[in-house]
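# A closer look at the structure
The chain contents come next:
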Amino acid sequence: MDSSPEALLGEFLTGTEAKQIADRLADGETLTAALRVVAASRRLQTRSLISAVGRDVLIGVLRAIEGARSARTAVDPLWTMPGHLARNGRLTSSVTYLVESARHSVVCSTFNFQRSSSLWAALGAAARRPEITMRVYMDTKAASSPTPDEVAAQLRPAVVLRTVAFDRRPVRNHSKFISVDHRFLLVTSANFSWSAENTNLELGVLIDNRNLAEAVESQMREAENQVFERVWSVQ
């Protein structure tokens, strides 16, 4: 494994972060100002890695990271309609293939999780694969059956998180997405339920873009300490 400063910086930054820092430095901004595009929790480590690279080659290294992580964006609609009316794009009920084909990671967020969802079994099987890391974000109030504890047991050893209060007000998690292998991002109106996958009117988009997927995952990780808590599965 390459442990050079450039390689370590490339592993740590997303392509979007590398591009935005490089753009700001090229426009004459200071490093402190440029680093504002990075989440606060990541700035100190980013500054340390950049210092190891050296300012004289930094913009070139950042552009290389941006290029290495860039890819053509592919977007495909996913529909649920009653009576199988959807005629173009994929169907929400086929989303299990996305989880089943994961090679490294699955990150997902939902308002409502039900056992009737085809993802209940698919996520459970993926979580038990040793090569897969998984994080699941849930809404505490919406999760009654199954409860967050039951989801954590089903998805063990995945990291399952539920919403907590912020400024003494309960936080509702309405973000609904699945990110696979830090590359494929499904953003959808559908909850994880049979009706959302088969009979409701739901629309989602499946986006093949590593930079976007990484940026969404990074934002959720940044929010964890403020609006989520981990659910510990009982062994």
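The preceding data block contains the structure.
The present account deals with the structure reproduced in this document. (Residues numbered from 1 in each chain as written. Predicted model: local features only at pLDDT ≥ 70, side-chain atom pairs only at ≥ 80, totals over all residues. Heavy atoms only, no water.)

## Regarding unusual backbone geometry
With an omega of 10 degrees, the peptide bond running from R156 to P157 counts as cis. Relative to the elements of secondary structure, P157 occurs in the loop between α8 (148-154) and β5 (159-163). Phi at R168 takes a positive value of approximately 65 degrees, unusual for a residue other than glycine. Topologically, R168 is positioned in the loop between β6 (165-166) and β7 (169-170). Phi angles above zero are rare outside glycine, and H182 is one such case at about 55 degrees. Summarising the element assignment, H182 is placed in the loop between β8 (177-180) and β9 (184-188). (Helix = DSSP H or I, 4+ residues; strand = E, 2+ residues; numbered from the N terminus.)

## So, the sheet that holds strand β1 (residues 74-80)
Strand order across the open sheet formed by nine strands is β2-β1-β10-β9-β8-β3-β4-β5-β11, with mixed pairing between neighbours. In the strand order of this sheet, the two ends are held by β2 (90-91) and β11 (228-231), each with one partner. Pairing analysis gives four bridges linking strand β4 (residues 133-138) to β5, with the strands arranged parallel. Bridging from a neighbouring strand, V136 pairs with V160 of β5. Seen against the sheet, helix α7 (residues 118-127) touches β3 (105-109), β4 and β8 and runs at an angle of roughly 140 degrees to β4. (Pairing = 2+ DSSP bridges. Contact = heavy atoms within 4.5 Å. Axes fitted to C-alpha atoms, helices over the stretch in contact; angles between N-to-C directions.)

## Considering the pairing of strand β10 (residues 202-208)
Among the seven residues in β10, five count as buried, and that is most of the element. The sheet contact formed by β9 and β10 spans five bridges and is antiparallel. Within β10, the residue paired with L186 across the bridge is L206. (Buried < 20%, exposed > 50% of the residue type's maximum accessible area, 1.4 Å probe, protein only.)

## Quick word on the side chain of R42
Tracing the backbone through its elements, the reader meets R42 in helix α4 (residues 40-53). With relative accessibility at 16%, the residue R42 sits in the buried group. Within polar-contact distance, the side chain of R42 engages the backbone oxygen of F12 at 2.8 Å. Looking at R42, its side chain comes within polar contact range of the side chain of E17, at 2.8 Å. Setting aside its immediate chain neighbours within four residues, R42 contacts F12, L13, T14, E17 and S218. (Polar contact = N/O pair within 3.5 Å; in protein donor to acceptor, adjacent residues only side chain to side chain.)

## Quick word on a nonpolar patch on the surface
Nonpolar side chains collect at one region of the surface, where V75, V187 and V205 lie side by side and expose about 210 Å² of accessible area between them. Positionally, V205 belongs in strand β10. Accessibility expressed as a relative area gives 30% for V205, which makes it partly exposed. (Patch = residues over 30% accessible without salt bridge, like charges linked within 9 Å, V, L, I, M, F, W, Y side chains within 5 Å. Areas by Shrake-Rupley, 256 points an atom, 1.4 Å probe, with all protein chains shown as cover. Salt bridge = Lys/Arg side-chain N within 4 Å of Asp/Glu carboxyl O.)

## Digging into the environment of S41
Structurally, the position occupied by S41 is in helix α4. Distance from S41 to T140, taken between C-alpha atoms, is 25 Å for residues 99 residues apart in sequence.

## A look at the pattern of salt bridges
One pass over the structure, following the stated rule, counts 13 salt bridges. With a closest N to O distance of 3.3 Å, E150 and R115 form a salt bridge. Taken together, the positions of E150 in helix α8 and R115 in the loop between β3 and α7 put the pair 35 residues apart, joining distant regions of the chain. A relative accessible area of 34% places E150 in the partly exposed class.

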